[in-house]
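# Descriptive analysis of the structure
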Amino acid sequence: MSRRKFCSASAAAAVTALVSPLPALAQSAARIVVIGGGFGGASCARALKQIDPKLQVTLVEPNRTFIACPFSNNVVAGLRSLEQQKFGYDKVAASGITVVALEATTINAAARTVGLADGTSLAYDRLVLSPGIELRFDALSGYDEAAAAKMPHAWKAGEQTLLLRKQLEAMDDGGLVVIAAPANPFRCPPGPYERACLIAHYLKTRKPRSKLIILDAKDTFSKQRLFQNAWKELYPGMIEWISLSQGGKVNAVDPATNTLITDFGNHTAQVANVIPPQRAGRIAAIAGATDNTGWCAIDPVTFESRSAPNIHVIGDACLAGAMPKSAFSANAQAKTCANAIATLVAGGSPAAPKLINTCYSLAAPDYGISIAGVYHPKNGSLADVEGAGGVSPLEASRDFRAREADYAQSWFATITAEVFG
């Protein structure tokens, strides 16, 4: 199968996990609690209910509206509204899942209970954590929640996304935008570079004398040659990338002057977008599922925590080997985890899965690039299936890039419809 056909088929392939032969469930009324209503958690809850409608599935999510991160860079660049990123849980609840709009505050792994913000608790037989990320405000000198109001991260879609957009709208033609990209691992590895492209698109069309610098804590990044080719083709002279070895790592910031400080010098920006280091969402640490990296080690067959029995971790919070932290990964992991849980509560042994991830990025509204991968358990982790997957060709026509941009739009519409109805 060609790479393009593989990408087009991948969403459908991920869905096929739900129609696999099902185990004969011995405990059809098992209680499954899922914490986190994003692409991972909502997908897992729906998959569990589809596999066995008799399962008691509860989704715990304090926000009544989910705001999607994929495509939020379009909001930053003024190409899309934040309203188009919002999804509710009415159809999730209509599928037989109990949706609890409260924050999970405690987990008693021994008693198998989840404590909620109103003082009540939920009992579970299996618990799924899909808490996403927590920004490490303690990891970058000078950068805290107050500094984020001046130097937005915009790495959780919402008000921060709009703040960064407003700052771009207010900046002068000829101003400097600086993006600080963190070291691996972090949510959405190609995200900072797609953001650079779409901000450059905004500047090119509205404020063409402006410039954008990416200060990077890495020497390589996802889809690097594709992005760099796009920068040359679409935004010549506008984007400068400073790698780790060139002094790109930001060690501290001064929000009073909008200055980013590296070992090789300071950069004072008119708009500073600081993406700080990250770790698993807080409830994962409360559950005892994180290790000294701040992320969650898991069994690659079941996604059960290595340190917290009967607790499974999916999505951005888990360490999934070669599988990147993306919405598509979270969705695929959710289905794999749901199948494994259904098998486990029936007294069976889950089979080794194969998982797919496809990630699209936009370098301009009509210029898309992508990467796809297939993963399987190997040596206790998830590894690439050799020879599977691929990336967009380095040399391609603008029509080809435009079709990939259309595929990206279709992917977002398909996955959000599947997860949220």
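Structure's up top.
Just so we're clear, the structure is a prediction, and the values are computed from it rather than from any experiment. (Residues numbered from 1 in each chain as written. Predicted model: local features only at pLDDT ≥ 70, side-chain atom pairs only at ≥ 80, totals over all residues. Heavy atoms only, no water.)

### So, the packing of aromatic side chains
Enumeration according to the criterion identifies 15 aromatic pairs in this entry. Relative to Phe420, the ring of Phe66 has its centre 5.1 Å away and its plane inclined at 25°; by these criteria the two rings are stacked. Here Phe420 lies in helix H11 (residues 398–420) and Phe66 lies in strand S3 (residues 65–67), a separation of 354 residues in the sequence. A cation over a ring is seen here: Lys325 above Trp295, with NZ or CZ 4.1 Å from the ring centre. (Phe/Tyr/Trp six-rings, centres within 6.5 Å; stacked < 30°, edge-to-face > 60°. Helix = DSSP H or I, 4+ residues; strand = E, 2+ residues; numbered from the N terminus. Lys NZ or Arg CZ within 6 Å of the ring centre and 35° of its normal.)

### Observations regarding the pairing of strand S16 (residues 265–268)
Looking at chain direction, strand S15 (residues 259–262) and S16 are connected through four bridges and run antiparallel. Along S16, the bridge assignment pairs Ile261 with Asn266. Hairpin remark: S15 followed by S16, antiparallel, with two residues in the connecting loop. (Pairing = 2+ DSSP bridges.)

### Observations regarding helix H2 (residues 39–51)
Spanning 13 residues, H2 covers 18 Å between terminal C-alpha atoms, matching the ideal 18 Å at 1.5 Å per step. When you tally the buried positions in H2, you get twelve out of 13 residues, the bulk of the element. Those residues of H2 not exposed but buried are Phe39, Gly40, Gly41, Ala42, Ser43, Cys44, Ala45, Arg46, Ala47, Leu48, Lys49 and Ile51. (Expected span 1.5 Å × (residues − 1). Buried < 20%, exposed > 50% of the residue type's maximum accessible area, 1.4 Å probe, protein only.)

### Structural notes on helix H6 (residues 159–170)
Along an α-helix, residues three or four apart share an orientation, since each turn contains 3.6 residues. Compared with the 16 Å implied by 1.5 Å per residue over twelve residues, the 16 Å span of H6 between its first and last C-alpha is a close match. Listed as buried for H6 are Gln160, Thr161, Leu164, Gln167 and Leu168. Mapping the buried residues of H6 onto a view down its axis gives an arc of 130°, with all of them on the same face. Away from its buried face by more than 90 degrees, H6 exposes Glu159, Lys166 and Ala170. On its buried face, H6 sits against helix H3 (72–76), helix H5 (145–148), strand S11 (176–181), helix H7 (191–206) and strand S17 (271–274). (Arc of directions from axis to C-beta. Contact = heavy atoms within 4.5 Å.)

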